[in-house]
Amino acid sequence: MIAKSCNTKVLIATNENIEYAAKLLNDGDVVGMPTETVYGLAANAFDENAVEKIFIAKGRPQDNPLIVHISKMDMLDGLVSEVPDVARLLAKKFWPGPLTMIFKKSDRVPSAVTANMNTVAVRYPSHKVALALIEKAGLPLAAPSANISGRPSPTTASHVFDDMNGKIPAILDGGACEYGLESTVIFLNDESHITLLRPGAVTVNMLKEVIPFVTIDKGVLEEIKENEQAQSPGMKHMHYSPKSKVIILNSSFEKFIDFIKKHSDENIGAMVFDGEEKELNVPFVTFGRGDDEFLQAKLLFSALRAIDRLNVSTIYARMPSKDGIGLAIYNRLIRAAGFEVITL
Ligand code: TXA
Ligand code: MG
């Protein structure tokens, strides 16, 4: 199937435009939607054809399942066959917000959404435009991040436009996303044990305040090899790659600068924390202050997109911390770098 070519409208998220977008969704179309994490590419989760359009617009591998977004707890019942107590506990603490939980799916959810898995990922976002859109449409919305597969996730409407122009009818512009990284994804093992499949703004320590045992899936920190099974298929497919090769330098700032100076005649660039660019003699992008992980999270994907404008063959990036939301930043950056880290 070929994606229908159309002019993509970027619409300020007024009530009137949300109503228009809701109508498009009810007609089986796909719409760009702001959330507090990243922008999503939304379609009616119960409409197999509409969901198929998402995969085409993104060029997404068929074996990578989608997250379904809800605007009230009642909506969960139509999507899942069972709501374990542990999910209710976590929902009470973290919903609405940047947490996605994996449930046993109900028969109503088409297999296109779940990539033939018997589970479904559900998230109750807190962004008021996302909530208003789900409410107006009266539908749970399947929505992956609104980037072309393999590109950094979009954190502004203009990122979505760059990737989706001509492929979808409309994007609701709700401004820059609050967190800038995709939601935390967890698997519910049992009443006292969960597994972190993708780190996000709901951190391991925050989860441990509610559930005693939190296992970090191997795919969070390490590369999953071609022949290995991923508990979350997306871990295998996440790339976030700019056109330049990205390499992380695990070093002090002083050693980082020495390294860059030594290689500055090699068509390289640098990805550094705010203020550090003053010491550089090569093209650069910045991604927030070194001591402000929330800002780093918010700016990471914009910075990865901006690398394409530098026209350099290799970018050397500063190493983020792995604490708190830092784990999510590290998880995304290490993928953008194809797991290439040089320790100096
Ligand atoms: O913050 C977010 O989660 C954003 C916004 C739009 O809500 N969405 C998002 O979707 O990041 P996407 O499709 O880019 O990432 C969904 C992740 C993938 O890694 C996918 O493999 C995983 O969730 N996933 C979805 N359903 C799953 C399932 N049934 N079991 C395990 N992993 C699942
Ligand atoms: Mg994605």
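First things first, this report covers the structure right here in the doc. (Residues numbered from 1 in each chain as written. Chains lettered and ligands numbered in written order. Predicted model: local features only at pLDDT ≥ 70, side-chain atom pairs only at ≥ 80, totals over all residues. Heavy atoms only, no water.)

**Brief notes about the overall build of the protein**
Okay, so step 1: From N to C terminus, the protein includes 13 helices and 16 strands.
Okay, so step 2: Its C-alpha radius of gyration of 20 Å places the protein within 12% of the 20 Å reference for a compact globule of 344 residues.
Okay, so step 3: Over its C-alpha atoms, taken along the principal directions, the protein stretches across nearly 60 × 50 × 40 Å.
Okay, so step 4: Residue burial in the protein is summarised as follows: out of 344 residues, 57% are buried. (Helix = DSSP H or I, 4+ residues; strand = E, 2+ residues; numbered from the N terminus. Rg over C-alpha atoms; globule rule 2.2 N^0.38 Å. Buried < 20%, exposed > 50% of the residue type's maximum accessible area, 1.4 Å probe, protein only.)

**Comments concerning helix α6 (residues 128-137)**
Okay, so step 1: Inspection of α6 places Val129, Ala130, Leu131, Leu133, Ile134 and Ala137 among the buried residues, and these make up the whole buried set.
Okay, so step 2: Contacts from the buried residues of α6 go to α1 (15-26), β2 (31-33), β4 (67-69), α3 (74-77), β7 (141-142) and β8 (170-173).
Okay, so step 3: Taken from the residues just after α6, Gly138 is the one with a positive phi, measuring 70°. (Contact = heavy atoms within 4.5 Å.)

**Examining the environment of Ile224**
Okay, so step 1: For Ile224, the position within the fold is in the loop between α9 (218-221) and α10 (234-237).
Okay, so step 2: Separated by 12 residues in the primary sequence, Ile224 and Lys236 place their C-alpha atoms 6.1 Å from one another.
Okay, so step 3: Leaving out residues up to four positions away in the same chain, Ile224 has contacts with Gly219, Ala230, Met235 and Lys236.

**Details of the sheet that holds strand β3 (residues 40-44)**
Each strand in a sheet pairs with another by means of backbone hydrogen bonds, the pair being arranged parallel or else antiparallel.
Okay, so step 1: Spatial ordering of the open sheet is given by β1-β8-β2-β3-β7-β4-β6-β5-β9-β10-β11, a layout of 11 strands whose pairing is mixed. Looking at the sheet topology across the chains shown, the edges are occupied by β1 (9-12) and β11 (213-216).
Okay, so step 2: The sheet contact formed by β4 and β7 spans 2 bridges and is antiparallel. Bridged to Val68 within β7 is Ala142. (Pairing = 2+ DSSP bridges.)

**A few points about the pairing of β3**
Okay, so step 1: For β3, the tally of buried residues reaches 5 of 5 residues, placing the bulk of the element in the interior.
Okay, so step 2: Where β2 meets β3, 3 bridges bridge the pair, whose relative direction is antiparallel. Its bridge partner lying in β3, Val31 is registered against Ala42.
Okay, so step 3: What sits between β2 and β3 in their antiparallel hairpin is a turn of 6 residues.
Okay, so step 4: In terms of strand pairing, β3 meets β7 through 2 bridges, oriented antiparallel. By the bridge assignment, Asn44 is partnered in β7 with Leu141.

**Thoughts on the side chain of Glu276**
Okay, so step 1: Among the secondary structure elements, Glu276 is positioned in the loop between β13 (268-272) and β14 (284-286).
Okay, so step 2: Of note is the side chain of Glu276, whose polar atom sits 2.8 Å from the side chain of Arg318.
Okay, so step 3: Not counting chain neighbours up to four residues away, the residues in contact with Glu276 comprise Phe253 and Arg318. (Polar contact = N/O pair within 3.5 Å; in protein donor to acceptor, adjacent residues only side chain to side chain.)

**Re the pattern of salt bridges**
Okay, so step 1: Counting across every chain of the model gives 13 salt bridges.
Okay, so step 2: Notably, a salt bridge pairs Arg318 with Glu276, separated by 2.8 Å at the nearest N-O pair. Pair noted here: Arg318 is in strand β15 (residues 314-318) and Glu276 is in the loop between β13 and β14, with a separation of 42 residues, a long-range link.
Okay, so step 3: Residue class for Glu276 comes out buried when judged on its relative accessible area of 12%.
Okay, so step 4: Sharing partners across several salt bridges, the network here consists of Arg151, Asp163, Arg305 and Asp308. (Salt bridge = Lys/Arg side-chain N within 4 Å of Asp/Glu carboxyl O.)

**Focus: the site of ligand 1**
Okay, so step 1: Neighbouring ligand 1 are 24 residues; Thr37, Asn64, His69, Ser183 and Gly234 lie closest to it.
Okay, so step 2: A distance of 2.6 Å is found between an oxygen atom of ligand 1 and a side-chain nitrogen or oxygen belonging to Thr37.
Okay, so step 3: For ligand 1, an oxygen atom lies 2.9 Å from a polar atom in the side chain of Arg198.
Okay, so step 4: Across the complex, the protein chains shield 97% of the 680 Å² of accessible surface that ligand 1 would expose by itself.
Okay, so step 5: Mapped onto the shell around ligand 1, the elements with two or more residues apiece are β4 and β6 (119-123).
Okay, so step 6: For the shell around ligand 1, the element with the highest residue contribution is β6, accounting for 3 residues.
Okay, so step 7: Considered class by class, the residues forming the shell around ligand 1 number 10 nonpolar, 10 polar and 4 charged. (Near = heavy atom within 4 Å. Areas by Shrake-Rupley, 256 points an atom, 1.4 Å probe, with all protein chains shown as cover. Nonpolar A, V, L, I, M, F, W, Y, C, P; charged D, E, K, R; others polar.)

**Let's talk about the nonpolar core**
Okay, so step 1: Counting 106 residues, the largest nonpolar core has Leu90, Trp95, Met101, Phe103, Leu207 and Met271 as its most contacted members.
Okay, so step 2: Beyond its immediate stretch of four places on either side in the chain, Met271 contacts Phe256, Val285, Phe287, Leu300, Ala303, Leu304, Ile307, Ile315, Tyr316, Ala317, Arg318 and Leu333. (Core = buried A, V, L, I, M, F, W, Y, C linked by side-chain atoms within 4.5 Å.)

**A closer look at helix α2 (residues 48-58)**
Okay, so step 1: For α2, the complete set of buried residues consists of Ala50, Val51, Ile54, Phe55, Ala57 and Lys58. The buried residues of α2 all sit within an arc of 165° when viewed along its axis, so they share a single face.
Okay, so step 2: Directly after α2, the chain includes Gly59, whose backbone phi takes a positive value near 65°. (Arc of directions from axis to C-beta.)

**Thoughts on the sheet that holds β14**
Okay, so step 1: Sheet architecture is open: 5 strands sit in the order β14-β13-β15-β12-β16, paired in parallel fashion. For this open sheet the edge positions go to β14 and β16 (341-343), each flanked by a neighbour on one side alone. Going across the sheet, the axis of each strand differs from the next one's by a mean of 25°, ignoring polarity. (Axes fitted to C-alpha atoms, helices over the stretch in contact; angles between N-to-C directions.)

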